[in-house]
Every structure is written in structure tokens, then in C-alpha cells.
Amino acid sequence: MDLVQPATWAEALTARAERPDLLPIAGGTDVMVDINFDRRRPEGLLDLTRVPETATWSVDDGVLRIGAGVTYAQVESDLADLAPGLAMASRTVGSPQIRNRGTVAGNLGSASPAGDAHPPLLAVGATVEVESVRGIRQVAADDFFVGVKRNALEPDELIRSVLVPVTGAPQQFAKIGTRNAMVIAVASFAVSLHPADRRVGTGIGSAAPTPRRAPQAEEQLAGALDWDGRGPLDPSAVRRFGELVADAADPIDDVRGSAAYRRHALAVLAARTATWAWDQHRTEVAS
Amino acid sequence: MRVRCTVNGEERVADDVWAGESLLYVLRERLGLPGSKNACEQGECGSCTVYLDGVPVCACLVAAGQVEGRTVVTVEGLADGDLLHPVQQAFLDAGAVQCGFCTPGLVVAVHDLLQRHPRPSDPDVREALAGNLCRCTGYEKILEAVRLAALRAGGDR
């Protein structure tokens, strides 16, 4: 095994093209676990922690660009206003030590169905910017997850940044686990309101082979919300929303929970987060 | 490969490091610093918590080569010779040390917390220590140790 440590993004792309057998590593919170437990023996590691270009975030024309090296701790502290759903989800990741190292891009690289960052990225309509020596590609978060722990990256590509629309509207995230830290979600859910175009975004975690949206639920809730009058949420509509979210899932029974529990939990999380988000929207408009 | 870094204020060199090796292994097995404990090896327990460039991390999840040229502070680096750091003394005085295996990681995590937050509330403490497991104390004595350390550092609560 060897360690390749590019000092610039260009060097990283060249190394990735020349050595597709190297496993990219940033915070190491997934990669090192696999190595420590001998679950994975890559030919080598491509250490991305020395690449300065991806260590920062910026906002341009209403879009937040989160560099691949930005940690969950940074998202929590710096991006709570710009990407509230992602910031909420980031606060639930692992522990402070994990959040000091782990990155959103690393979450996308691992592409676990349980990745905490994924539901809010799906809900807000984020885009993953990937790059190789051949050029840059933008992949919608919705198209990025292609199978259990598989993503749309080509062997020569690296995740450069995550592009998150800054909506200025409420977003919520909720997650079920046995405690408030160090938990792989049993089920998780994110919702994002888009009042400007009267849309609702959703993201389901830990309840299907990949993180996924619930398109029917999105349409149903968008149609049921009183966008003009900002009136209260109809209880039957919010219940229906929960059912449609549960229907969109495809969970399995495993050590963390049964499929039936996950569906039930999702219906509850969806109804709850939609209510929080809508109430927040009503309050913000009123004040 | 060779890894050079600053550990507890000293320039250190580790040779024959395997690329998949963790910082924790380098500290314990190559640099003679067994304070950071090896328990879960998956970032769950926090007993290997060290500072990497001033930020607390699980040393078991840092690839050794990633610390090349960087600065590490372990629990061994907190005391002033034989004089324990106030956080360490508070752990002893409050009876927050039983088997002691989790203690080094907790001491580093509390050291960091009190630097950032000299008078933390109990929820702040619980949140800050969420990544450090202790199977002996039931955590109450650890919370007391944090309160004691904060008090002694001059914080009226």
C-alpha cells in the first residue's frame, strides 16, 4: 500500500487519472475504519487533505459551493443560515471528533444509504460537482446515488464540491437512532420548502438501497399547502404526506430496525418535519 | 515510509510506517506514547482522542501519513512535568477515573471544551463528550470533574 499526497487540485486529478486504484481519503472516518478492520486493502491512499482549493466554501449567485474538504464541523458553525437542512443533519453526525474530520463530500463518496448528509442534499436539490482530467461534470444529487454504497463517479473522477441552492426558506431534518450521538440512522428524513416556486423537496435516508426522494409526497404537499394565505397545515394533508413518504421507501429488516418500523418512523418523521418547516415559514412571514 | 511531525512540542520521526497505519498506532507503537488508548478502532469510543493541529480527533481514524508536518498533542502533552493539568487533577479529585481506559480521551476532550467554553452548561458538556464512552463511572463523576475543573479555572457559574 502506498500513500499519494497531492499538494494541489490539479495534482490530485492527475494522480486520480494515473492511479484509479488509489482510494481517496479525506477525514478518514469511513476509510480508516475499513482499513483498521481489514475490510478493505486498497493498493494505496490518495490523501486529499493537503489540497487547498477544496478546503473552503463560497456563495455565488444564490448557490452555496461547499468544497470537498469542508468538514461537518464547518458546516455546523458556518453554514447554518445558508444550508439549514444540511447543517442540522451535520450536527447529528457521529461525535465532535468525527465532525472535526468527516466531510460532506466523503459522505457522498461512501454513498451509504444511511449517510446523514444525503437526505437534506436531495431535499434542497443539490448538485455534486465532480472533476477529472477530462473535465467537470455536474450531477444532480438525485442521480448521484446509483446503488448500495455506489455513486455516479467514474474511476478517474473526484468530488470537487457540492452545490447547494440557497433558498432562504425553512428546511428540516430528523433522524431516528438509539441515542443522540454516534448513531447510524435507523431512518432519517429531510424536507425543504421552496415558496418561490411553490415546491417541496424531500429526502429519505436509511430506508432504501440508496438515499432517495419521495416525488409523489412532494407533489401532494406542495398542492396542499396554503402558499398564498399561509394558513395552518391541514392535519389530513400532513398525514397523507407521511403515508406517501413511507410508500416511497423500500426498507429492509436489519440489526438496527425492521422494515415495518422504518416505514412507520418515516411517516412520523415526515409529518413532523413538514409541520415544523411550515410553521416556521408562517412565523417568518408573519414577523 | 517516514513520517515527521511535532508531537507534544517535540519534532518526532517515525520510520517504516505502513501507509494504512493510523496515527494512533504510530503514537503508541512507534513513538512510545501509550497514553492515547486503542479500543474500538472505529471512532466510536473517543479513547484515542488527540489534538491534530489544535482540533480534537480520533487518532485511530487519521492515516499516519496525513500528519506529516502537522502538530499533534496527546494526553501526555497536557501535564507540566509532574504537575498534572487542572483537568487531570479534577478527574482524580472528583473520582472520575475508575479503570482509566477512557480517561485520556476524556481529558483531551474536556481540555478542548474548557478552552472553547470556560463555563459550559451540563448540556454543553454532554454534547462535547458525546463521542467518549466510559463503561465504569456512569458519567456522573465525569460531569462533576468537568464542573470542578471549570470552577477551579476561575469560572463562577
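Residues numbered from 1 in each chain as written. Chains lettered and ligands numbered in written order. Predicted model: local features only at pLDDT ≥ 70, side-chain atom pairs only at ≥ 80, totals over all residues.

The name recorded for chain B in an unreviewed UniProt entry is (2Fe-2S)-binding protein, from Nocardioides iriomotensis.

Naming follows an unreviewed UniProt entry, where chain A appears as Xanthine dehydrogenase family protein subunit M of Nocardioides iriomotensis.

S.K.: In this structure, what is going on with the interface of chain B and chain A? I would like to understand it.
M.R.: Interface size is commonly expressed as the accessible area that is lost once the parts come together. Contact residues are listed per partner, giving 24 residues for chain B and 26 residues for chain A. The element that contributes the greatest number of residues to the side of chain B that touches chain A is strand 4 (residues 55–58) of chain B, accounting for four residues. Across the side of chain B that touches chain A, the residue classes tally to 13 nonpolar, nine polar and two charged. (Contact = placed C-beta atoms within 7 Å. Helix = DSSP H or I, 4+ residues; strand = E, 2+ residues; numbered from the N terminus. Nonpolar A, V, L, I, M, F, W, Y, C, P; charged D, E, K, R; others polar.)

S.K.: I'm lost on helix 10 (residues 235–248) of chain A in this one. Help?
M.R.: An α-helix turns once every 3.6 residues. As a result, residues three or four positions apart point the same way. With 14 residues, helix 10 of chain A extends 20 Å from end C-alpha to end C-alpha; this agrees with the ideal 20 Å at 1.5 Å per step. Within helix 10 of chain A, burial applies to Phe241(A), Gly242(A), Leu244(A), Val245(A), Ala246(A) and Ala248(A). (Expected span 1.5 Å × (residues − 1). Buried ≥ 20, exposed ≤ 12 C-beta atoms within 10 Å, placed from the backbone.)

S.K.: Looking at this structure, I do not really get the UniProt feature "domain: FAD-binding PCMH-type" (unreviewed entry) in chain A. What am I missing?
M.R.: The sites that carry the UniProt feature "domain: FAD-binding PCMH-type" (unreviewed entry) are, in the present numbering, residues 1–169 of chain A. With 31% helix and 27% strand, residues 1–169 of chain A has end C-alpha atoms that lie 47 Å from one another. (UniProt positions renumbered as here; feature names shortened; annotations may be inferred.)

S.K.: Looking at this structure, how should I read the pairing of strand 3 (residues 44–47) of chain A?
M.R.: Residues in a regular strand project their side chains so that they alternate between the two faces of the sheet. Residue and element names in this part refer to chain A. Summarising the sheet, strand 1 (residues 2–4) and strand 3 pair through three bridges and their orientation is parallel. Residue pairing across strands places Leu-3 opposite Leu-45, the latter belonging to strand 3. Across four bridges, strand 2 (residues 22–25) lies against strand 3 in parallel orientation. Bridge pairing links Pro-24 to Leu-46 in strand 3. Regarding topology, helix 2 (residues 31–36) serves as the crossover connection from strand 2 to the parallel strand 3, and that connection is right-handed. (Pairing = 2+ DSSP bridges. Right-handed = clockwise from strand over helix to strand, strands pointing away.)

S.K.: Which parts of the structure should I look at to understand the environment of Leu148(B)?
M.R.: All names here are of chain B. Inspection of the secondary structure assignment puts Leu-148 in helix 5 (residues 140–152). For the pair formed by Leu-148 and Ala-94, sequence separation is 54 residues and the distance between their alpha carbons is 7.6 Å. Every residue in contact with Leu-148, bar those within four places of it in the chain, is listed here: Ala-90, Asp-93 and Ala-94.

S.K.: Explanation requested: the sheet that holds strand 1 of chain A in the structure shown.
M.R.: Hydrogen bonds between backbone groups are what pair the strands of a sheet, and the pairing can be parallel or antiparallel. Residues and elements named next belong to chain A. Pairing in this open sheet of three strands is parallel, and the strands run 1-3-2 from one edge to the other. Bordering the open sheet on either side are strand 1 and strand 2, each of which pairs with just one other strand. Strand-to-strand, the axes of this sheet are offset by a mean angle of 30°, without reference to chain direction. (Axes fitted to C-alpha atoms, helices over the stretch in contact; angles between N-to-C directions.)

S.K.: Any chance you could explain the environment of Arg126(B) here in plain terms?
M.R.: All names here are of chain B. Relative to the helices and strands, Arg-126 resides in helix 4 (residues 122–128). Overall, the presence of 16 C-beta atoms within 10 Å leaves Arg-126 in the partly exposed class. In the structure, Arg-126 is positioned 95 residues away from Leu-31 in sequence and 32 Å away in space, judged by C-alpha atoms.

S.K.: How should I be thinking about the domain arrangement of chain A in this particular structure?
M.R.: Residues and elements named next belong to chain A. Per the domain assignment, the segments of chain A are domain 1 (2–165) and domain 2 (171–286). Averaged C-alpha coordinates put domain 1 and domain 2 at centres separated by 25 Å. For the side of domain 1 that touches domain 2, the secondary structure elements donating two or more residues are helix 4 (84–91), helix 7 (118–124) and strand 8 (145–147). Among the elements that line the side of domain 1 that touches domain 2, the one with the most residues is helix 7, at seven residues. Broken down by class, the residue content of the side of domain 1 that touches domain 2 amounts to 13 nonpolar, eight polar and two charged. (Domains from an automatic or database assignment.)

S.K.: Please clarify how the nonpolar core should be interpreted in this entry.
M.R.: Of all hydrophobic cores here, the largest spans 133 residues; its most connected members are Leu86(A), Val245(A), Leu266(A), Ala270(A) and Ala59(B). No other element matches the nine residues that helix 11 (residues 259–286) of chain A contributes to this core. When sequence neighbours within four positions are dropped, the list of residues in contact with Leu86(A) reads Val75(A), Leu79(A), Val104(A), Ala117(A), Pro120(A), Leu121(A) and Val164(A). (Core = buried A, V, L, I, M, F, W, Y, C linked by C-beta atoms within 7 Å.)

S.K.: What's the story with the packing of helix 2 (residues 86–93) of chain B against helix 5 of chain B in this structure? I'm lost.
M.R.: The axes of two packed helices give the description: the angle between them and the distance between them. Residue and element names in this part refer to chain B. Relative orientation of the contacting elements helix 2 and helix 5 amounts to 135°, with a least axis distance of 8 Å. In terms of orientation, helix 2 and helix 5 fall into the oblique class. Pair helix 2 / helix 5 crosses with right-handed handedness. Residues Pro-86, Val-87, Ala-90, Phe-91 and Asp-93 of helix 2 form the contact with helix 5, whose own contacting residues are Ala-145, Leu-148, Ala-149 and Arg-152. Split by residue class, the contact of helix 2 with helix 5 holds seven nonpolar, no polar and two charged. (Parallel < 35°, antiparallel > 145°, perpendicular 65-115°, else oblique. Left-handed = near helix turned anticlockwise from the far one by under 90°.)

S.K.: In this structure, what is going on with the packing of helix 9 (residues 215–224) of chain A against helix 10 of chain A? I would like to understand it.
M.R.: All names here are of chain A. Direction vectors running N to C along helix 9 and helix 10 enclose 170°, while the axes themselves pass 8 Å from each other. Of the possible angle classes, the one that applies to helix 9 and helix 10 is roughly antiparallel. Seen along the crossing, helix 9 lies across helix 10 with a hand that is left-handed. Packed against helix 9, whose contacting residues are Gln-216, Ala-217, Gln-220, Leu-221 and Ala-224, the element helix 10 presents Ala-237, Arg-240, Phe-241, Leu-244, Val-245 and Ala-248 at the interface. Here the residues of the contact of helix 9 with helix 10 sort into eight nonpolar, two polar and one charged.

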